[in-house]
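So you can see what is in the structure, the chains are spelled out below.
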Amino acid sequence: MDPKLASLLDEQYRLQIVGRTNRSNTILEYSVDLCVVEISKPSQNVLQYGLSGLILDYVLANSDVVWADLASGNSIALRQGKLFLEEHGLDPSRLRTYGFDVLPVDIEVIQHHITHWPKEYAETLLQQKYSPELHQCDILTVEFPESPDIVTCSESLFWTDDPLKIFTNAAKQAKVGATICMNRQSKAFYKAHDGSHSRLFQELIRRFDGLPGFDVRYYDSHAGLIVTKIDNCPMLDFGLILVDKQMSREGYVHTYVDA
Ligand SMILES: C[S@@+](CC[C@H](N)C(=O)[O-])C[C@H]1O[C@@H](n2cnc3c(N)ncnc32)[C@H](O)[C@@H]1O
């Protein structure tokens, strides 16, 4: 294994222990956390029908659709995306799902996580046909096997050394017309929040003001960002430099400066 990836992997294993996350968010949790539905503050810009509804829209408008989930954890949401289509009478293979994460999927964690779900649903979800194509890699530099229509990155931006670069790397490779949804932080990190995470989102949106090529559908510096890529934008070369990283009980606290 590439030494850089090996050290990232090692670091993430240690972080999983202190962070005690099960990396098993569902499509509903993705929808709420990524602000694809915003329950408490309805706004006309928010895609209030949820991530599954967004996927359905793309599938109805296109013959096939690609969903790339950055830091996909145990990839439950990706599995549910395909199952959702089948439940709506559509061929699940029309949605090609890709999960990118430095850590491998832990099937035992999935099984443990879904034991309280209706047995039939849980068994169905684990079937091979709902499985995404998984890539063990660094989401900062990942090269997508094919251009995505939907990109998600949930509860993961600030586990990495450059959250802005995750966005730019993915946005460059996404199709024109793609929706990119990213959120701020996991609930555990939220408690440890010192303001720097909100400032990062503010920074991201500041760059957008000068960036043609994206339609901002939703933005809240305390929550997340949803954009539609409307044009191929050549100016996606911004990033941050990590100057300090402290591991705490809740995870990392990062300090960044402009690149
Ligand atoms: C809080 S978990 C979120 C997982 C999933 N999105 C969910 O909501 O269930 C953070 C994930 O980010 C992954 N991760 C952190 N840094 C990464 C990196 N540089 N490249 C790839 N994956 C990374 C970790 O392995 C972990 O699975």
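Treat the numbers as computed from the prediction; the structure is a model and nothing was measured.

Taken together, the seven strands give an open sheet; going across it, the order is β3-β2-β1-β4-β5-β7-β6, and neighbouring strands pair in mixed fashion. Only two strands of the sheet have a single partner each, and these edge strands are β3 (133-136) and β6 (214-220). Pairs of neighbouring strands in the sheet enclose a mean axial angle of 15 degrees, with direction left out of account. Note: strand β2 (residues 95-101) against β3, four bridges, orientation parallel. Paired with Phe-100 across the strands is His-135, a residue of β3. In this fold helix α4 (residues 76-87) packs onto β1 (65-70) and β2, with an angle of close to 175 degrees to the strand it touches most, β2. Running at roughly 165 degrees to strand β5 (residues 179-183), helix α7 (residues 163-173) makes contact with β1, β4 (150-153), β5 and β7 (224-229) of the sheet.

The next subject is α7. Along α7, eight of the 11 residues are buried, which leaves the element largely enclosed by surrounding structure. By the burial criterion, the buried members of α7 are Pro-163, Leu-164, Ile-166, Phe-167, Thr-168, Asn-169, Ala-170 and Ala-171.

Turning our eyes to something else, we now look at the pairing of β4. Successive side chains on a regular strand alternate, one facing one side of the sheet and the next facing the other. Of the two faces of β4, both are covered, the one formed by Ile-150 and Thr-152 as well as the one formed by Val-151 and Cys-153. Of the pairings in the sheet, the one linking β1 to β4 comprises four bridges and is parallel in character. For Asp-69, the partnering residue across the bridge sits in β4 and is Thr-152. Bridge count for β4 against β5 is four bridges, and the pairing is parallel. Looking at the pairing, Ile-150 lines up with Thr-179 of β5. The handedness of the β4 to β5 crossover, carried by α7, is right-handed.

Definitions and limits used
- Residues numbered from 1 in each chain as written.
- Predicted model: local features only at pLDDT ≥ 70, side-chain atom pairs only at ≥ 80, totals over all residues.
- Pairing = 2+ DSSP bridges.
- Helix = DSSP H or I, 4+ residues; strand = E, 2+ residues; numbered from the N terminus.
- Axes fitted to C-alpha atoms, helices over the stretch in contact; angles between N-to-C directions.
- Contact = placed C-beta atoms within 7 Å.
- Buried ≥ 20, exposed ≤ 12 C-beta atoms within 10 Å, placed from the backbone.
- Right-handed = clockwise from strand over helix to strand, strands pointing away.

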